[in-house]
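Spelled out, the chains give:
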Amino acid sequence: MTVVTSGSCQCGAVRFEIRGNFESFFLCHCRRCRKDTGSVHASNLFSSTATVVWHSGQDKIRHYQIPATRHAKSFCSECGSALPSVQMEGTLLVVPAGSLDDEIVISPNAHICFSSRAAWEDLLVDTPKFDDLPR
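Residues numbered from 1 in each chain as written. Predicted model: local features only at pLDDT ≥ 70, side-chain atom pairs only at ≥ 80, totals over all residues. Heavy atoms only, no water.

Time to look at the pairing of strand β2 (residues 15–19). Here strand β1 (residues 4–8) runs beside β2; their pairing, made up of five bridges, is antiparallel. Counted as the bridge partner of Val4 is Arg19 from β2. Between β1 and β2, which pair antiparallel one after the other, the connecting turn spans six residues, and Gly12 there sits at a positive phi close to 85°. As defined by bridge partners, β2 adjoins strand β5 (residues 51–56) across five bridges and the pair is classed as antiparallel. (Pairing = 2+ DSSP bridges. Helix = DSSP H or I, 4+ residues; strand = E, 2+ residues; numbered from the N terminus.)

The next subject is the pattern of salt bridges. Under the criterion given, the structure shown has four salt bridges. In this structure, Asp122 engages Arg117 in a salt bridge whose closest nitrogen and oxygen atoms are separated by 3.0 Å. The partly exposed category is assigned to Arg117, whose relative accessible area is 26%. (Salt bridge = Lys/Arg side-chain N within 4 Å of Asp/Glu carboxyl O. Buried < 20%, exposed > 50% of the residue type's maximum accessible area, 1.4 Å probe, protein only.)

We now examine the sheet that holds strand β3 (residues 24–28). Read from one edge of the open sheet, five strands run β9-β10-β4-β3-β11, paired in mixed fashion. The sheet terminates laterally at β9 (85–87) and β11 (110–112), the two strands that pair on one side only. Going across the sheet, the axis of each strand differs from the next one's by a mean of 35°, ignoring polarity. (Axes fitted to C-alpha atoms, helices over the stretch in contact; angles between N-to-C directions.)

The next subject is a nonpolar patch on the surface. The grouping of Trp120, Leu123 and Leu124 at the surface amounts to a nonpolar patch, some 320 Å² of accessible area in total. Of note, Trp120 is situated in the segment after β11. With relative accessibility at 46%, the residue Trp120 sits in the partly exposed group. (Patch = residues over 30% accessible without salt bridge, like charges linked within 9 Å, V, L, I, M, F, W, Y side chains within 5 Å. Areas by Shrake-Rupley, 256 points an atom, 1.4 Å probe, with all protein chains shown as cover.)

Attention now goes to the layout of surface pockets. Of the pockets and cavities examined, the largest pocket occupies roughly 740 Å³. Taken together, 31 residues make up the lining of the largest pocket; nearest its centre are Cys33, Asn44, Phe46, His71 and Val94. Elements that contribute at least two residues to the lining of the largest pocket include exactly β3, α1 (31–37), β4 (42–47), β7 (72–76), β8 (82–83), β9 and β10 (92–96). Here the lining of the largest pocket is built from residues that sort into 16 nonpolar, eleven polar and four charged. (1 Å grid on protein atoms, 1.4 Å probe; cavity = no way out; pocket = protein on both sides within 12 Å on 5 of 7 lines; lining within 4 Å. Points joined across faces, edges and corners; volume = space filled by probe spheres on them. Nonpolar A, V, L, I, M, F, W, Y, C, P; charged D, E, K, R; others polar.)

It is worth spelling out the environment of Leu45 at this point. Position of Leu45 among the secondary structure elements: in strand β4. The buried category is assigned to Leu45, whose relative accessible area is 0%. For the pair Leu45 and Gly57, spaced twelve residues apart in the sequence, the C-alpha separation amounts to 21 Å.

In this section: the environment of Glu89. Position of Glu89 relative to the elements: it lies in the loop between β9 and β10. We classify Glu89 as exposed; its relative accessible area is 84%.

Spatially, the three strands line up as an open sheet ordered β6-β7-β8, and their pairing is antiparallel. Each of the sheet's edge strands pairs with one partner strand only, and the pair in question is β6 (61–65) and β8. Sheet topology note: the β6/β7 ladder contains five bridges and is antiparallel. When the bridges of β7 are listed, Arg62 appears paired with Phe75.

Here it is as structure tokens:
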């Protein structure tokens, strides 16, 4: 049985399905991924066998490759949300975990490029947690 996972961008213009299994789930702390996400790390799922099927908004998808690096991203031109991309000459599907609408059935395998993490990340363990916006 083929696993099918649905996803979309924030504005809903782009909708897709991932057909197949993810082999890895990495949380990357490198500077490029922090810049790319505006956060402490990128959360990406990887597969060499799954495929992406675009249901809508394919004309809204834009791609960016940082020159002289392997770092590439796809995003919605309307809302800027990160989207899946086929990389490494078509051999690897990279799916931003936050772009999926369905629950992810695997846990992260590892924090990668951890020595490159932001200095303030180590302070997060003591940061207050709220279920909603603080008042």
